[in-house]
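Per-entry structural report
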Amino acid sequence: MEKFISHPPLIVQSSLSQLRYLVLAEGAGDSGESRQRFYIWSILSRTNMEGATSSYIKLVQRGPPGATIYKKIQNDTFRTFSTDAGFRKRVSEESLTRCLSCFASQQELLEEGNYAEGGVRIAKYVQGMNVLLAPLLYSSPAEPMAFRLFENLCYRVIPTYLDSSLSGVHTGARLLDICLKIIDPKLSKFLSDNLLTAEIYGVPSILTLSSCQKPLDQVCKLWDFMFAYGFHMNVLFIVAQLVTMRSEIMNSGSPMNLLRQFPEFDADEIIRLGVGFVAKVPQELYELLVNHLRDPNIDLSGYGGSID
């Protein structure tokens, strides 16, 4: 893996395919302070780091965004992975606040120019962006690089998740209900009978691409796979987590208490289950999973109005 990422690719697409295979076979584990994982994420997402530092400095020099947005950011950053000593050792609250403030300031600039990056107008700041940014800062060798990858993630990978109405998140919740019904009808019915749809319990995990889960090192392993093979897989990974909790959920008198904060998970197990579920999902539904990250107009009317 180190040898691969240290040499420029001869043929981009075949090299990306080879890198994806290496991630699948060997993982992209962070080796000490090398931040190898971050470089792999950057390559797989085709994130250009040229000029990252200079453009970031210009945003920092603009100062904080509007007072209302800045207050929202400050209300979230201090509690981001607050109990994770490893995260707090690597990432300061100031770094989180600065990155999110720069993103909000950038959105203000885009609005002034009446321009939507990537064709979708992203919200200045929504709760959850702090958790979405956290694994990037945790893995990155430099704050401007983390910000550049965060930009790419927001604007080009999951833009519908962060538009003003979070349209992609709500579509993702509906897709989660549909996929769970196909993969585990009994569990789906149990949750439905208890009035527990993904809109109620699944939004944090959908919006943050599971980075709100614990532990962080296992979240990063999930992200290794999703950077390689697509963040649409997050929906199936959430289904996998539900399936691993199946007995506890169905034997609980208060299942929402279990779903409010998922238990710690093993990424290898979740990836194995999630990949296995792909074969159970009809092709047209899988295509909707892939497309809902960028297309705000996904039509799910053919799948009925409820999960009963």
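The written sequence of each chain sets the order in which its residues are numbered from 1. Only residues with pLDDT of at least 70 are given local features in this predicted model, and only at 80 or more are side-chain atom pairs given and counted; all residues enter the totals for whole chains, interfaces and linings. Side-chain metrics in this entry use all non-hydrogen atoms of the structure; hydrogen atoms and water are not considered.

Re the nonpolar core
To define a nonpolar core, start from buried Ala, Val, Leu, Ile, Met, Phe, Trp, Tyr and Cys residues and group those joined through side-chain atoms within 4.5 Å. Relative accessibility under 20% of the residue-type maximum defines a buried residue, over 50% an exposed one, and the middle range a partly exposed one, all with a 1.4 Å probe and only protein chains included. Counting residues in each nonpolar core, the largest one holds 100 residues, and the members touching the most others are Leu153, Leu162, Tyr201 and Trp223. For Trp223, the contacting residues outside a window of four places in its chain are Trp41, Leu132, Pro135, Leu136, Leu153, Thr208, Leu209, Ser211 and Phe231. Contact between two residues is taken to exist if any of their heavy atoms lie within 4.5 Å; hydrogens are not considered.

Digging into the domain arrangement of the protein chain
According to the domain assignment, the protein chain contains domain 1 (37-157) and domain 2 (167-303). The distance between the C-alpha centroids of domain 1 and domain 2 comes to 25 Å. Taken together, the contact pairs 21 residues of domain 1 with 17 residues of domain 2. The working definition used for a salt bridge is a side-chain nitrogen of Lys or Arg within 4 Å of a carboxyl oxygen of Asp or Glu. Along the contact surface separating domain 1 from domain 2 lie 1 salt bridge. Residues Arg37 and Asp224 are paired through a salt bridge, measuring 2.7 Å at the closest nitrogen-oxygen approach. Pairs of N or O atoms are called polar contacts if they sit within 3.5 Å, as long as, within protein, a hydrogen donor faces a hydrogen acceptor (for residues adjacent in sequence, only side-chain-to-side-chain pairs). Between the two partners, domain 1 and domain 2, sit 4 residue pairs in polar contact (both at pLDDT 80 or more). An automatic or database domain assignment supplies the residue ranges for each domain.

So, the pattern of salt bridges
Under the criterion given, the structure shown has 8 salt bridges. Ionic pairing is found between Arg79 and Asp76, a salt bridge with its closest N-O pair at 2.8 Å. Among the residues examined, Arg79 registers a relative accessible area of 44% and is labelled partly exposed. Between Arg148 and Glu151 there is a salt bridge, with its nearest N and O atoms 3.3 Å apart. Highlighted residues: Arg148 and Glu151, both in helix H9 (residues 143-157), separated by 3 residues, approximately one helical turn. Across the pair, exposure class does not vary: Arg148 and Glu151 are buried alike. Every helix listed is a DSSP run of H or I at least four residues long, and every strand listed is a run of E at least two residues long, numbered separately from the N terminus.

A look at the side chain of Gln218
Position of Gln218 relative to the elements: it lies in helix H14 (residues 216-229). Sequence-distant contacts of Gln218, that is, excluding residues within four places in its chain, are made with Phe265, Asp266, Ala267 and Asp268.

Digging into the confidence of the model for the protein chain
The score called pLDDT rates the predictor's confidence residue by residue, from a low of 0 to a high of 100. Averaged over the protein chain, the pLDDT score is 90; the fraction of residues at 70 or greater is 90%. For the protein chain, the element scoring lowest by mean pLDDT is helix H1 (residues 2-5), at 53; helix H15 (residues 233-244) scores highest, at 98.

Considerations on helix H7 (residues 93-112)
Between the first and last C-alpha of H7 there are 29 Å, a value that for 20 residues agrees with the 28 Å anticipated at 1.5 Å per step. Counting buried residues in H7 gives 14 out of 20 residues, a clear majority hidden from the surface. To estimate the expected span of a helix, count its residues, drop one, and scale the result by 1.5 Å.

Describing the packing of helix H3 (residues 36-44) against helix H8 (residues 129-139)
Helix axes are fitted to C-alpha atoms over the stretch in contact, other axes to C-alpha atoms as well, and angles between N-to-C directions run from 0 to 180 degrees. Between H3 and H8, the shortest axis-to-axis distance is 8 Å and the interhelical angle comes to 120°. Taken together, the axes of H3 and H8 are oblique relative to one another. On H8, the residues touching Arg37, Phe38 and Trp41 of H3 are Pro135, Leu136 and Ser139. By definition in this entry, angles of less than 35 degrees are roughly parallel, angles greater than 145 are roughly antiparallel, angles of 65 to 115 are roughly perpendicular, and the rest are oblique.

Considering unusual backbone geometry
Between Lys214 and Pro215 the backbone carries a cis peptide bond, its omega angle lying at -5°. As for its position among the elements, Pro215 is in the loop between helix H13 (203-207) and H14. The phi dihedral of Arg46 is positive, around 55°, even though this residue is not glycine. Mapped onto the fold, Arg46 is located in the loop between H3 and helix H4 (52-61). Phi is positive for Leu195, close to 60°, though the residue is something other than glycine. As for its placement among the helices and strands, Leu195 is situated in the loop between helix H11 (185-193) and helix H12 (198-201). Leu195 sits in the exposed class, given a relative accessible area of 66%.

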